[in-house]
Amino acid sequence: MSQDAVASPTSLVVSRTYPASVERVFKAWTDANQLGQWFAPTDDYTTKASVDLRIGHEYRIAITHKGGNIHTILGTYRLIEPPRKLVYTWRWEGGPASDTLVTVDFHPDGDATKVTITHEQFTSVEDRDKHAEGWNGCLSRLPRLFTSPA
Amino acid sequence: MVKYSANLDATFSALSDPTRRTILTTLQRGHASVTELARPHDISMPAILKHLHVLEQAGLIEQKKTGRVRMCRLTVAPLRQAADWLSLYRAFWETQLDNLGRFLEQTDPQKIKKQENKACRKMPSHPPRR
């Protein structure tokens, strides 16, 4: 446990390869309608996304449990390089004003696409001070997304 | 909860420096003196002391003076919180990537085409039963 935290302390990286073109995968990630079709933790949730794909502009992903609870993720785009790279801030609405940073790389590999997500904490003191509040929004909301009953 | 969050911020900030991570890795093997911790690093003693101070402020280590030797040891709780954050989000993203895989498969234009062709070819020999 502590070994992991020391080895990759401030960010986590998850990747996956899909038998789909990089354009398709990028679109699935940036088209509000498509995003709404897959970005949900389980079938008990429905997702509605709105995307303003311009640097400095906002996206919102509202994830609604069948029991009625809504969890909303929102942030702004920092970098948009279609169809290869996306960088955006991430926070849970109603939580403390504490952004994290998500970078998504779309790497073509023949006919396939490797997607790599890097989700980062603040890596500079400046950032940390700017967002003195903490992570409790993420921490308290995430588990609820994995447990069904609302 | 706020305290917990502030702790986590301090933890991640302290962990964002490679020298401090090396110090923590060394301390995972057990107690060590400041001199021992400084040895692998090509930096001054005041700089090492400053790093130790940051780690101590973040609650990641404890320092204790025994005679003229200052000993350090690891405090595990904050690292556990950091690891919890990481593992929660790892699980979250793994799930999302599974979902994306299913979505891409269901909406694969080539597969959809193939299935349509198959359905057309099959129809005469296997008419749907009513």
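The following refers to the structure shown. Quantities reported herein were computed from a predicted structural model and do not represent experimental measurements.

Conventions we followed
Throughout this document, residue positions are counted from 1 along each chain, in the order its sequence is written. Key to labels: chains lettered from A, ligands numbered from 1, both in the order written. For a predicted model such as this one, the threshold for reporting local features is a pLDDT of at least 70, and the threshold for listing and counting side-chain atom pairs is 80 or more; totals across whole chains, interfaces and linings nevertheless cover every residue. Pairing between strands is defined by DSSP: at least two bridges between them are needed. A run of H or I in DSSP counts as a helix once it spans at least four residues, and a run of E counts as a strand once it spans at least two, with each numbered from the N terminus. Axis definition: a line fitted to C-alpha atoms, over the contacting stretch in the case of helices. Angles run 0 to 180 degrees between N-to-C directions. What counts as a contact here is a pair of residues whose C-beta atoms, placed from the backbone, lie within 7 Å. Burial in this document is a count-based property: other C-beta atoms within 10 Å of a residue's C-beta are tallied, and the residue is buried at 20 or more, exposed at 12 or fewer, or partly exposed in between, with C-beta positions derived from the backbone.

## Let's talk about the sheet that holds strand β6 (residues 100-109) of chain A
Then, number 1: Strand order in this open sheet of seven strands is β1-β7-β6-β5-β4-β3-β2 (chain A), and the pairing throughout is antiparallel. Bordering the open sheet on either side are β1 (11-18) and β2 (45-51) of chain A, each of which pairs with just one other strand. If you compare each strand with its neighbour and ignore which way they point, the axes differ by 20 degrees on average.
Then, number 2: Two strands pair when backbone bridges link them, and β1(A) and strand β7 (residues 112-120) of chain A are joined in this way by eight bridges, in the antiparallel orientation. Bridging from a neighbouring strand, L12(A) pairs with H119(A) of β7(A).
Then, number 3: Against the sheet, helix α2 (residues 22-30) of chain A contacts β1, β2, β5 (85-92), β6 and β7 of chain A, and its axis sits at roughly 160 degrees relative to β6(A).
Then, number 4: Sheet strands in contact with helix α5 (residues 76-106) of chain B are β1 and β7 of chain A, and its direction is about 15 degrees off that of β1(A).

## A few points about the environment of E58(A)
Residue and element names in this part refer to chain A.
Then, number 1: Within the secondary structure, E58 is located in strand β3 (residues 58-65).
Then, number 2: C-beta crowding within 10 Å serves as the criterion here: with 14 such atoms nearby, E58 is assigned to the partly exposed category.
Then, number 3: Residues E58 and T89, spaced 31 residues apart in sequence, show a C-alpha to C-alpha distance of 9.3 Å.
Then, number 4: Among residues more than four places away in sequence, those in contact with E58 are D52, L74 and T76.

## Here we look at the sheet that holds strand β2 (residues 61-66) of chain B
Residues and elements named next belong to chain B.
Then, number 1: With respect to topology, three strands assemble into an open sheet ordered β1-β3-β2, the strand pairing being antiparallel. If you trace the sheet from one side to the other, it starts and ends with β1 (32-33) and β2, each paired once.
Then, number 2: Pairing of β1 with strand β3 (residues 69-74), which is carried by two bridges, proceeds in the antiparallel orientation. Paired with A32 across the bridge in β3 is C72.

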